[in-house]
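Below are the chains, spelled out letter by letter.
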Amino acid sequence: MITIDILKDFSATPGARYITDGPYSGEDFRDRFLDGHFADHAADYKIKIILDGTEGYATSFLEEAFGGLARKYGKQRCLDRFEFISEEEEFLPREIKDYIEHCNDKLETKK
Amino acid sequence: MKKIYHEDKWKKYSIRRSRRVLNRKRVSIIRRGIGPRGHSKYVTPLIYSNVKVTKFQTEMALPSNFSIINNPEEVLAFFHDVDFFVKDKRNIWFSMKGINNITEDAILYMLSQLDYHRSNSRNYKISGDCPDDAVAQSIFLNSGFYDYVKSKLSKSTSRDPNVLTIKKGNNVNPVVAGEVANFARVNLSRMDKKDSKSIYSTMIECMANTNNHAYNNKDGKWWLMARYDQSNKKVRFAFLDNGLTIPSTIKKNLKDYVLNIAGTILPTAKVRDCNLIESALKGEFRSKTGYPFRGKGLPKIYEYSNSGRIDNLAVISRYGVVNAPKIRTSDMENRFRGTLLSWDFI
């Protein structure tokens, strides 16, 4: 298992969705900290994400970081491997799982 | 024999006379409210009463209750007429002496309108004074308004710790959002970092909305300001962008199109702006991108309001006004240029 503490490893002030929106975006976080763990399709170790200590999170940051990852590598794979820790905002892990589960609703209905 | 009409003296006299006549006509046209110079075929009646038009200057007294949240129609009527005089290339004087109530939202809107005219008009001049009322004057001087305009008063003004001065940006700026959350923590001393998370994420949502929805060319601008109201023990926030507004950027559904067509015959059937804003707040699949995973910013802010994490949320965009958590909707007669979000944190 590896642990990613967003406060220590990334930023105390996470931003919005895309890199073009401004600094510390969800896309930036995904590219730098998450993508690498999913590039190898055989890898199945757990990834613990510590969400506490930051100023807060915008929905677009969380959706792009985790929902965006699920769009790339599949929902189930993400759900199986992530473990979210949030004592300050207990609803956050559920909310992030929700983003992962509904990450590509429209793409599926199109098919 | 030399003709009198060819003499320099006569030519100068003639030019002066024609200028005088033209100026008299312009003042008369403005007073009747037919239309600005060069735009007389577009009838733009003046709607704000407190205007004094003279030969050299147009003096406009700002509404005594200078607040978009509390007095939207009068304030917007005032700015409607400012547009008129700017188009007419008049020198405008904002007389603020009569203001006895001023709020953050109106200061931000004034700044955004000055910015709008700066980038859309040429050869105009707006100047003014500041309120006589002690409280209103203190709010205005401490707002940081003078940091964004040319002024002799300007930057030297001492700062009030109860006011977070105006911040301006064109991108998502997490550092500023963090400053806003910190400002609330310092003033509401019982609050810790955990409680201020909703402030931080609301700020980021607002900035992201400006960047993604408010402008077509991605050159969006936003302004924000916060003030601690000691008497009510709450922090009041205002966030404004002067972009394309919520009603004009959200995705319209079939019902909206049908109602808008019906509205050409029966005006009451037309989709109201406040209903479109309400729909966007409730997250009824209104993201123009067409992706359900987008457009969650406004619903999140509405959710904070419903859960009591923020109070007195008001959203004003184009003609619509929506107040939350108990949804109250109304439409205004005068157009608001952009989108304003205002809320309290207790």
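Being a predicted model, the structure only gives us computed values, none of them experimental. (Residues numbered from 1 in each chain as written. Chains lettered and ligands numbered in written order. Predicted model: local features only at pLDDT ≥ 70, side-chain atom pairs only at ≥ 80, totals over all residues. Heavy atoms only, no water.)

**Some thoughts on the interface of chain B and chain A**
Reports of interface size often rely on the accessible area that becomes lost once the parts have come together.
Now for step 1: On the chain A side, the residues contacting the 27 residues of chain B number 32 residues.
Now for step 2: Contact between chain B and chain A buries roughly 2,400 Å² in total, counting both sides, with carbon and sulfur atoms accounting for 53%.
Now for step 3: Taken together, chain B and chain A are joined by three salt bridges.
Now for step 4: The closest approach of N and O atoms between Glu95 of chain A and Lys300 of chain B, which form a salt bridge, is 2.8 Å.
Now for step 5: At the junction of chain B with chain A, the criterion picks out eight residue pairs in polar contact (both at pLDDT 80 or more).
Now for step 6: Listing elements by their share of the side of chain B that touches chain A, those giving two or more residues are α5 (174-187), α6 (197-214) and α10 (297-306) of chain B.
Now for step 7: Considering each element in turn, the side of chain B that touches chain A owes the most residues, eight residues, to α6 of chain B.
Now for step 8: Of the residues that constitute the side of chain B that touches chain A, the class distribution is nine nonpolar, eight polar and 10 charged. (Contact = heavy atoms within 4.5 Å. Buried area = accessible area lost by both parts, 1.4 Å probe. Salt bridge = Lys/Arg side-chain N within 4 Å of Asp/Glu carboxyl O. Polar contact = N/O pair within 3.5 Å; in protein donor to acceptor, adjacent residues only side chain to side chain. Helix = DSSP H or I, 4+ residues; strand = E, 2+ residues; numbered from the N terminus. Nonpolar A, V, L, I, M, F, W, Y, C, P; charged D, E, K, R; others polar.)

**Focus: the packing of aromatic side chains**
Now for step 1: Evaluation of the coordinates by the stated rule reveals 25 aromatic pairs over all chains.
Now for step 2: Arranged with centres 5.8 Å apart and planes meeting at 85 degrees, the rings of Phe10 of chain A and Tyr24 of chain A form a pair that is edge-to-face. Note that Phe10 of chain A is positioned in helix α1 (residues 6-10) and Tyr24 of chain A in the loop between α1 and α2 (26-39), a separation of 14 residues in sequence.
Now for step 3: Taken together, a centroid distance of 4.9 Å and an interplanar angle of 40 degrees make the contact between Phe140 of chain B and Phe145 of chain B tilted.
Now for step 4: One aromatic cluster is present, built from ring pairs that chain together Phe10, Tyr24, Phe29, Phe33, Phe38, Tyr57, Phe61, Phe66, Tyr73, Phe82 and Phe84 of chain A.
Now for step 5: Directly above the ring of Tyr45 of chain A sits Arg81 of chain A, whose terminal nitrogen or CZ lies 4.6 Å from the centroid.
Now for step 6: Positioned above the aromatic ring of Tyr116 of chain B is the side chain of Arg337 of chain B, whose terminal nitrogen or guanidinium carbon lies 3.8 Å from the ring centre. (Phe/Tyr/Trp six-rings, centres within 6.5 Å; stacked < 30°, edge-to-face > 60°. Lys NZ or Arg CZ within 6 Å of the ring centre and 35° of its normal.)

**Examining the pairing of strand β3 (residues 82-85) of chain A**
Residue and element names in this part refer to chain A.
Now for step 1: Residues Phe82 and Phe84 line the buried face of β3, whereas the alternating positions Glu83 and Ile85 sit on a face that is not buried.
Now for step 2: When strand β2 (residues 47-50) meets β3, the two strands line up parallel, connected through four bridges. Considered in β3, the bridge of Ile47 is made with Phe82. (Buried < 20%, exposed > 50% of the residue type's maximum accessible area, 1.4 Å probe, protein only. Pairing = 2+ DSSP bridges.)

**Quick notes on the pattern of salt bridges**
Opposite charge on two side chains permits them to pair, given that their charged atoms come into close proximity.
Now for step 1: One pass over the full model with this rule turns up 26 salt bridges over all chains.
Now for step 2: One salt bridge connects Arg17 of chain A with Glu64 of chain A, and the closest N-O pair in it is separated by 3.0 Å. Highlighted residues: Arg17 of chain A in the loop between α1 and α2 and Glu64 of chain A in helix α3 (residues 59-73), separated in sequence by 47 residues. Side by side, Arg17 of chain A and Glu64 of chain A carry an identical accessibility label, which is buried.
Now for step 3: Among the salt bridges present, the one from Asp115 of chain B reaches Lys168 of chain B, with a minimum N-O distance of 3.3 Å. One end of the pair, Asp115 of chain B, is in helix α3 (residues 104-120); the other, Lys168 of chain B, is in strand β7 (residues 163-169), with 53 residues separating them in the sequence.
Now for step 4: Judged by relative accessible area, Asp115 of chain B falls into the buried class, the value being 9%.
Now for step 5: By relative accessible area, Lys168 of chain B is classed as partly exposed at 35%.

**Things to note about the confidence of the model for chain B**
All names here are of chain B.
Now for step 1: In the predicted model, chain B carries a mean pLDDT of 82, and 85% of its residues have values of at least 70.
Now for step 2: Confidence scores differ between elements of chain B, with helix α8 (residues 254-263) showing the lowest mean pLDDT of 74 and strand β3 (residues 65-66) the highest of 94.
Now for step 3: Scored by ipTM, the complex comes to 0.89, with pTM at 0.83. (pLDDT = per-residue confidence, 0-100.)

**What to know about unusual backbone geometry**
All names here are of chain B.
Now for step 1: Cis rather than trans, the peptide bond between Ala324 and Pro325 has omega equal to 10 degrees.
Now for step 2: Mapped onto the fold, Pro325 is located in the loop between β10 (311-324) and β11 (328-345).
Now for step 3: Positive phi values are uncommon outside glycine, yet Lys89 reaches one of about 60 degrees.
Now for step 4: Mapped onto the elements, Lys89 comes out in the loop between α2 (72-87) and β4 (91-95).
Now for step 5: The phi dihedral of Asn312 falls on the positive side, at around 50 degrees, and the residue is not glycine.
Now for step 6: For Asn312, a relative accessible area of 37% puts it in the partly exposed group.

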